[in-house]
Amino acid sequence: MSDSESAEYAEQITVYSDYVCPFCYLGRESLRRYQSTREDELEIDWHPFDLRSQKRNLDGTIDHSVDDGKDDEYYEQAKENVRRLQEKYGVEMDLDVDTDIDSLPAQMASYYVKQHYDYETWLDFDVAIFDALWQDGADIGDEELLVKLAEDAGVVGDEIRSALDDDALREEVRAQFTEAHQQGVTGVPTFAYDGYGARGAVPPEHLERLVEGV
């Protein structure tokens, strides 16, 4: 069987996530730990989700003046929950990232790579985006950063520039956001497998039960 045929038949877990969600980063660490216990590869079928949908203008920009109910108290409580999971999973994270960072460019770039490159290339790029934000505190909405991360993963940089300027691709990604809501996804990370789901940075054993029913 060829590599492409192997990829076609690889077992997959669907993951809805937004790069600016710290629990998505922690959830991916939990998934990585579960994947490491398996004999067979479990690929990620990633679907983008927009945590800023309530604040997004029709042109895709964010209106930071819109009240989404997330005040300083909300963010401090979220940080406490993140710190608890950091300790549980042994993950270092930069929790002082700018809460105004827009993940839409990163999601557009990642969606493009997922559509046009092999799984491993997409995964390398995806992990690099997460790490750039949550390890380095970098602005993943910056085009030149995304180009560099893509090139490091083996993607042609000019393709990323073109993708970020592609209105049709932007609409396709935003349609993915809408589809996620229609599928009943109300928060991230959400893991789905064979009609069942789990939301949040659940522990590896929870993901094992989701996939293997044990």
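Worth saying up front: this structure is predicted, and the values here are computed from it rather than measured.

The next point concerns the pattern of salt bridges. Across all of its chains, the model carries 15 salt bridges by this definition. In this structure, Arg-56 and Asp-50 form a salt bridge, with 2.7 Å as the shortest nitrogen-oxygen distance. The class for Asp-50 is buried, based on a relative accessible area of 4%. The partner of Glu-76 in a salt bridge is Arg-83, and the shortest N-O contact between them spans 3.4 Å.

If you trace the 4 strands from one edge of the open sheet to the other, you get β2-β1-β3-β4, paired in mixed fashion. Edge positions in the sheet fall to β2 (42-48) and β4 (196-199), since each has one partner strand and no second. Averaged over all pairs of adjacent strands, the angle between strand axes in this sheet comes to 25°, irrespective of strand direction. Bridge count for strand β1 (residues 11-17) against strand β3 (residues 190-193) is 3 bridges, and the pairing is antiparallel. For Val-15, the partnering residue across the bridge sits in β3 and is Phe-191. Most of the contacts of helix α2 (residues 22-35) go to β2, to which it runs at about 165°, and overall it touches β1, β2 and β3. The strands that helix α8 (residues 167-182) touches are β1 and β2; relative to β2, the one it contacts most, it runs at about 100°.

Considering all chains together, one arrives at 6 aromatic pairs under this definition. Seen from their ring centres, Tyr-19 and Phe-130 are 4.8 Å apart, and the 65° between their planes marks the pair as edge-to-face. With Tyr-19 in the loop between β1 and α2 and Phe-130 in helix α5 (residues 119-134), this residue pair connects regions lying 111 residues apart in the sequence. You can call Tyr-19 buried: its relative accessible area is 1%. Site record: aromatic cluster; members linked through ring pairs are Tyr-19, Tyr-25, Trp-46, Tyr-119, Trp-122 and Phe-130.

Another aspect to go through is the packing of α2 against helix α9 (residues 204-212). Viewed as axis vectors pointing N to C, α2 and α9 meet at an angle of 65°, and their least axial separation amounts to 8 Å. Of the two elements, α2 crosses α9, and the hand of that crossing is right-handed. Within the contact between the two elements, α2 uses Ser-30, Leu-31, Arg-33 and Tyr-34 and α9 uses Pro-204, Leu-207, Glu-208, Val-211 and Glu-212. Classifying every residue of the contact of α2 with α9 gives 5 nonpolar, 1 polar and 3 charged.

In the predicted model, the protein carries a mean pLDDT of 93, and the fraction of residues at 70 or more is 95%. Here residues 1-7 is modelled with pLDDT under 50, and outside its nearest four sequence neighbours on either side it reaches 3 contacts, counting other chains as well.

Of note, Arg-174 is situated in helix α8. The side chain of Arg-174 is buried and forms no salt bridge, while Glu-171, the nearest opposite charge, is found at 4.1 Å. The contacts of Arg-174, once residues within four sequence positions are left out, are Arg-56, Asn-57, Leu-58, Asp-59 and Gly-60.

Counting 65 residues, the largest nonpolar core has Leu-31, Phe-125, Ile-140 and Ile-160 as its most contacted members. Sequence-distant contacts of Phe-125, defined by excluding residues within four places in its chain, comprise Ala-109, Ser-110, Val-113, Leu-146, Leu-149, Ala-150 and Ala-153.

Counting buried positions along β2 gives 7 out of 7 residues, so the element sits mostly inside the fold. Side chains Leu-42, Ile-44, Trp-46 and Pro-48 project from β2 onto one buried face, and the interleaved Glu-43, Asp-45 and His-47 project onto a second face that is buried too. Pairing of β1 with β2, which is carried by 7 bridges, proceeds in the parallel orientation. Opposite Thr-14, over in β2, you have Asp-45 as the bridge partner.

Analysis parameters
Residues numbered from 1 in each chain as written. Predicted model: local features only at pLDDT ≥ 70, side-chain atom pairs only at ≥ 80, totals over all residues. Heavy atoms only, no water. Salt bridge = Lys/Arg side-chain N within 4 Å of Asp/Glu carboxyl O. Buried < 20%, exposed > 50% of the residue type's maximum accessible area, 1.4 Å probe, protein only. Pairing = 2+ DSSP bridges. Helix = DSSP H or I, 4+ residues; strand = E, 2+ residues; numbered from the N terminus. Axes fitted to C-alpha atoms, helices over the stretch in contact; angles between N-to-C directions. Contact = heavy atoms within 4.5 Å. Phe/Tyr/Trp six-rings, centres within 6.5 Å; stacked < 30°, edge-to-face > 60°. Left-handed = near helix turned anticlockwise from the far one by under 90°. Nonpolar A, V, L, I, M, F, W, Y, C, P; charged D, E, K, R; others polar. pLDDT = per-residue confidence, 0-100. Lys, Arg positive; Asp, Glu negative; His and termini not counted. Core = buried A, V, L, I, M, F, W, Y, C linked by side-chain atoms within 4.5 Å.

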